[in-house]
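Observations on the three-dimensional arrangement
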Protein chains: 2
Amino acid sequence: MKVAEIIAIGTELLTPQRIDTNSLAVTESLNVLGVELIRKQVLGDDRERLTEAIRAALERAHILILIGGLGPTEDDITREAAAAALGRRLQLSLEQESVLINRFRKLNRPMAKNNLRQAYLIEGAEALPNANGTAPGQFISTNRGAMVLLPGPPRELKAMLTNEALPRLRSVVPPQCIRVRSFRITGIGESDLDTLIAPVYTKYANPVTTVLSSPGDLFVHLRATAETEEKADALLREVGNPIATLLGDKAYTENINEPLEGVIGRLLRKHHGTVAVAESCTGGMVSARLTEQGGSSDFFIAGYVTYSEAQKSKVLGIPPELIGKHGVVSEPVAAAMAEGAKRHSGATHAISVTGYAGPTGGTDFDPVGTVYIGITGPAGTRVVRTRFGSGDRLRTRLLATQSALDLLRKTLLASENGAGSAL
Amino acid sequence: MKVAEIIAIGTELLTPQRIDTNSLAVTESLNVLGVELIRKQVLGDDRERLTEAIRAALERAHILILIGGLGPTEDDITREAAAAALGRRLQLSLEQESVLINRFRKLNRPMAKNNLRQAYLIEGAEALPNANGTAPGQFISTNRGAMVLLPGPPRELKAMLTNEALPRLRSVVPPQCIRVRSFRITGIGESDLDTLIAPVYTKYANPVTTVLSSPGDLFVHLRATAETEEKADALLREVGNPIATLLGDKAYTENINEPLEGVIGRLLRKHHGTVAVAESCTGGMVSARLTEQGGSSDFFIAGYVTYSEAQKSKVLGIPPELIGKHGVVSEPVAAAMAEGAKRHSGATHAISVTGYAGPTGGTDFDPVGTVYIGITGPAGTRVVRTRFGSGDRLRTRLLATQSALDLLRKTLLASENGAGSAL
């Protein structure tokens, strides 16, 4: 198997405030090629140290990716260090010079003299066009494989990586097929998820299975490698289908780029449904999520962040006696909030959230972290009580938001499947 | 100046889904000691490669920090690799063995045999107690300074770093004082900020000045090094005071941990003010920000996410004719939204946001990215029109949210300074 290393260059990446994230996109591309990443490094703008690091990496790796340090200023030293490590010279490329001059002419901006630094290529290098900036990348064939210089700004890097670097790197690695299948899951903890599906995936080394988590959101990735697309797909079916069965409706999508609110939008659009939200402790987060994607006005009618008791009565029409009797954080008030939001907005569905996000508040019966989530729709009203353990306000709000969205999704699915009346 | 390197260990840190963030906390500690970080690396669980990397790093750095790979399983190889790189042996520590046995006894859990791996120390190493887990850290004096082994779980690492590693590292670096001053800034772009303050800070190598940015939010850090606290503070005043003057009310706080909504909460509480929000394109994000901190019910009354035209009329009492004449994204509607929210909630202040977040929509006069922000309070109503260039929905929503909060902050400040009537 071919192995690769990445070096990200920039003194700012060695501060406590900054982190190299470009290497994640590069790693993904290397994995697509079937190349194993064995090391990544961050170095500052020090020419001598960088030259030594590049030289050592070239002895270990077939593919070496250098990120950043291609700007026009004196502390952009990647070109010089890479040339020195290879023992080659930097040469002014007349073609790159005119690319630069034309670019500045088009932007109607004067070109500072130091911009010319960006027109220098390492002997034998191929220039990689930069669709989003002035610094060209460079592709250099080496004894063991290839070295690639990519610009640091993520927008420039990503386009150049996909369109210029990847196709050229394919020529230095043996061809193979990699296919991926993913599940996005919510409503279950990471260890419970693993207990559920490990009996299936641990039997297979190929596909490789990874489980990743963020608060309230889990991802299962299967990555199959084979000589042909068909064989890789067959492996994905062999392992993925039993996993899909075990997950059931806990998996909300197999499209890695579709968030929970995307699934909800799709279901609502399909059935011409609409939604309104009444929030207390999540303070607008549920509405914000539902409106995150373009075109959400197709199905999102209104959100009511009724923080004070008076507002709950005034906006949502909840009788003050109901609040007085049960308290604002209670099943009857959650139900009344959802019903009030539906009535007031005219939406087909409404969800509500009321709870103790913390760090203070709560009662003996409903301690900090307790959240009531209400849903109402054509099939009636339902309230779910959940307790999020941590007492961490941000985490409780995130988990409550995710739970509210998931309750809406499951309700929409159930009515689609005839468990409730049609939308 | 002493220099340091960090190596984070773990194959999972070489996937496209994971990133090493532990090194940021370590970098901060190194900076406090006045030690310069010259390189950080991530390596997988490969004993041979790791041994070679540690050996090379020990030749370059005075201080080498190894993170992770201290668990009980076979793929936790940091102890072995570090010992091999130093040419020393691993020895079972009877003291660490009994610490482990006691820990498991207390938890009432059986101790698996491989847990004993965690009781092995490198010859000459001092064990660093782990308050939050089973793996002890290790501190080893070397020819050039010191090598430290820290556990990977962030909670374990942070406690051990602060309480155990830092005090011991102080003995290998010359004593010095480091003091920090920070500004958080909004309402100005990064390059404009730099143009504004560079004439001051570029005259000084000490304090070191860094400018960092996230969408709509900028940070300026000054870090002064001197023999005494007094001298470091004097340097911070010498450079920081002129910068504070230049920034004026663009700097919303000097407390690095206080977000914009924290400043607003402080101002509102001080003057017994309250706030309501009417949002369209930001879909609840302004309300969510204002309720992010505990106790926000002291000043936050209500949020109205009026996404549909009908809701704008029904909830906020905006005459349909006004919307018909000017459109929902317009100055008069923004003003009416703010005034409606204030009236309906009884708050002392209200802010409103209406705009084209994209990716589609907009008019010739108000293209995608145009946002109207309204504010009303005791001093009257005002609307600001802004255009956020990109057409990126998420970015436009983030920037509009930040701008709305900043307009509220400036209005509260102005009335505090007597420019408007008192709250």
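In what follows, the structure referred to is the one given above.
This report concerns the structure included in the present document. (Residues numbered from 1 in each chain as written. Chains lettered and ligands numbered in written order. Predicted model: local features only at pLDDT ≥ 70, side-chain atom pairs only at ≥ 80, totals over all residues.)

Each helix and strand counted, chain A has 13 helices and 17 strands in total. Whereas a compact globule of 423 residues would reach a radius of gyration of roughly 22 Å, chain A reaches 28 Å, over 25% beyond that. The dimensions of chain A, computed from C-alpha atoms along their principal axes, are 85 × 55 × 40 Å. Counting all 423 residues of chain A, 46% fall into the buried class. Taking the intrachain contacts of chain A between residues at least 6 apart in sequence as the baseline, contacts between residues at least 24 apart amount to 65%. (Helix = DSSP H or I, 4+ residues; strand = E, 2+ residues; numbered from the N terminus. Rg over C-alpha atoms; globule rule 2.2 N^0.38 Å. Buried ≥ 20, exposed ≤ 12 C-beta atoms within 10 Å, placed from the backbone. Contact = placed C-beta atoms within 7 Å.)

Core analysis: the biggest nonpolar cluster contains 106 residues, and Val 275 and Ile 351 of chain A together with Val 275 and Ile 351 of chain B have the highest contact counts within it. When near neighbours in sequence (up to four residues on either side) are disregarded, Ile 351 of chain A contacts Val 277, Val 286, Ala 338, Ile 373, Gly 374, Ile 375, Ala 404, Leu 407 and Leu 408 of chain A. In this structure, Leu 86 and Ala 125 of chain A together with Ile 9 and Val 148 of chain B belong to the second largest nonpolar core, which totals 94 residues. (Core = buried A, V, L, I, M, F, W, Y, C linked by C-beta atoms within 7 Å.)

So, on to the relation of the copies chain B and chain A. The operation linking the two copies of the chain is a rotation about an axis combined with a translation along the axis. In the superposition of chain B on chain A (RMSD 0.9 Å, axial shift 0.9 Å), the rotation amounts to 180°. The two molecules are tied by a two-fold rotation axis, judged by turn and shift. (Least-squares fit on C-alpha atoms with pLDDT ≥ 70 in both.)

Before going further, it helps to spend a moment on the sheet that holds strand S17 (residues 380–387) of chain A. To summarise the sheet geometry, strands pair through backbone hydrogen bonds and adopt either a parallel or an antiparallel arrangement. Strand order across the open sheet formed by ten strands is S17(A)-S16(A)-S15(A)-S13(A)-S14(A)-S14(B)-S13(B)-S15(B)-S16(B)-S17(B), with mixed pairing between neighbours. Of all the strands in the sheet, the pair left with one neighbour each is S17 of chain A together with strand S17 (380–387) of chain B. On average, each strand axis in the sheet is inclined to that of its neighbour by 10°, with strand direction left out of account. Summarising the sheet, strand S14 (residues 300–306) of chain A and strand S14 (residues 300–306) of chain B pair through five bridges and their orientation is antiparallel. Each bridged residue has a counterpart across the sheet, and for Tyr 304 of chain A the counterpart in S14 of chain B is Tyr 304 of chain B. The strands touched by helix H13 (residues 393–416) of chain A within the sheet are strand S13 (275–279), strand S15 (349–355), strand S16 (370–377) and S17 of chain A, with S16 of chain A carrying the most contacts at an inclination of about 30°. (Pairing = 2+ DSSP bridges. Axes fitted to C-alpha atoms, helices over the stretch in contact; angles between N-to-C directions.)

Residue and element names in this part refer to chain A. With 19 residues, helix H7 (residues 229–247) extends 25 Å between its outermost C-alpha atoms, agreeing within 8% with the 27 Å of an ideal straight helix rising 1.5 Å per residue. The largest bend in H7 amounts to roughly 30° and is located at Gly 240, with the proline Pro 242 lying one to four residues further along. The complete set of buried residues in H7 reads Ala 232, Leu 235, Val 239 and Gly 240. Buried residues in H7 make contact with strand S9 (177–185), helix H6 (190–201) and strand S11 (217–226). (Expected span 1.5 Å × (residues − 1). Bend = angle between axes of the 7 residues up to and from the residue.)

Quick look at helix H3 (residues 78–86) of chain B now. Turn by turn, an α-helix covers 3.6 residues, leaving residues three or four places apart pointing in a common direction. All names here are of chain B. Most of H3 is tucked away, with eight of its nine residues classed as buried. For H3, the full list of buried residues reads Thr 78, Arg 79, Ala 81, Ala 82, Ala 83, Ala 84, Ala 85 and Leu 86. Turning to H3, the residues buried within the fold contact strand S1 (3–9), helix H2 (47–60), strand S3 (63–67), strand S4 (90–92), strand S5 (120–122) and strand S8 (146–150). After H3 finishes, the residue Gly 87 shows a positive phi value of roughly 70°.

So, on to the packing of H6 of chain A against H7 of chain A. All names here are of chain A. Where H6 contacts H7, the axes come no closer than 9 Å and their chain directions differ by 155°. Taken together, the axes of H6 and H7 are roughly antiparallel relative to one another. The chirality of how H6 crosses H7 is right-handed. Residue-level contacts link Leu 196, Ile 197, Val 200 and Tyr 201 of H6 to Val 239, Pro 242, Ile 243 and Leu 246 of H7. When grouped by side-chain class, the residues that make up the contact of H6 with H7 number eight nonpolar, no polar and no charged. (Parallel < 35°, antiparallel > 145°, perpendicular 65-115°, else oblique. Left-handed = near helix turned anticlockwise from the far one by under 90°. Nonpolar A, V, L, I, M, F, W, Y, C, P; charged D, E, K, R; others polar.)

A separate point is the interface of chain B and chain A. Counting from both sides, the interface comprises 45 residues of chain B and, opposite them, 45 residues of chain A. For the side of chain B that touches chain A, the secondary structure elements donating two or more residues are helix H1 (22–32), strand S2 (36–43), strand S10 (208–214), helix H9 (285–290), S14 and helix H10 (309–316) of chain B. Looking at side-chain class alone, the side of chain B that touches chain A contains 19 nonpolar, 21 polar and five charged residues.

Residue and element names in this part refer to chain B. For the pair H1 and helix H5 (residues 154–169), interaxial distance at closest approach is 10 Å and the crossing angle is 15°. Comparing the axis directions of H1 and H5 gives the class roughly parallel. The chirality of how H1 crosses H5 is right-handed. Mapping the contact onto sequence places Asn 22, Ala 25, Val 26 and Ser 29 in H1 and Pro 154, Leu 157, Lys 158, Leu 161 and Leu 166 in H5. Among the residues forming the contact of H1 with H5, the class breakdown is six nonpolar, two polar and one charged.

Right, let's talk about the sheet that holds strand S7 (residues 137–141) of chain B for a bit. Taken together, twelve strands build an open sheet; the order of strands is S6(A)-S7(A)-S8(A)-S3(A)-S1(A)-S2(A)-S2(B)-S1(B)-S3(B)-S8(B)-S7(B)-S6(B) and the sheet is mixed. Either end of the sheet is taken by a strand with one partner, and the two such strands are strand S6 (126–128) of chain A together with strand S6 (126–128) of chain B. Geometrically, the sheet is characterised by an average inter-axis angle of 15° between neighbouring strands, direction not taken into account. Across seven bridges, the pairing between S1 of chain B and S2 of chain B is parallel. Each residue of the ladder has a partner; that of Val 3 of chain B, found in S2 of chain B, is Glu 36 of chain B. Packed onto the sheet, helix H5 (residues 154–169) of chain A meets strand S3 (63–67), S6, strand S7 (137–141) and strand S8 (146–150) of chain A and runs at close to 165° relative to S8 of chain A. The strands touched by H3 of chain B within the sheet are S1, S3 and S8 of chain B, with S8 of chain B carrying the most contacts at an inclination of about 170°.

Attention now moves to unusual backbone geometry. Residues and elements named next belong to chain A. Between Asn 206 and the following residue, Pro 207, the backbone shows a cis peptide bond with an omega angle of 5°. If you trace the backbone, Pro 207 turns up in the loop between H6 and strand S10 (208–214). Residue Gly 358 is joined to Pro 359 through a cis peptide bond whose omega torsion reads 5°. Here Pro 359 shows up in the loop between S15 and S16. One non-glycine residue, His 272, adopts positive backbone phi at about 55°. Tracing the backbone through its elements, the reader meets His 272 in the loop between helix H8 (260–270) and S13.

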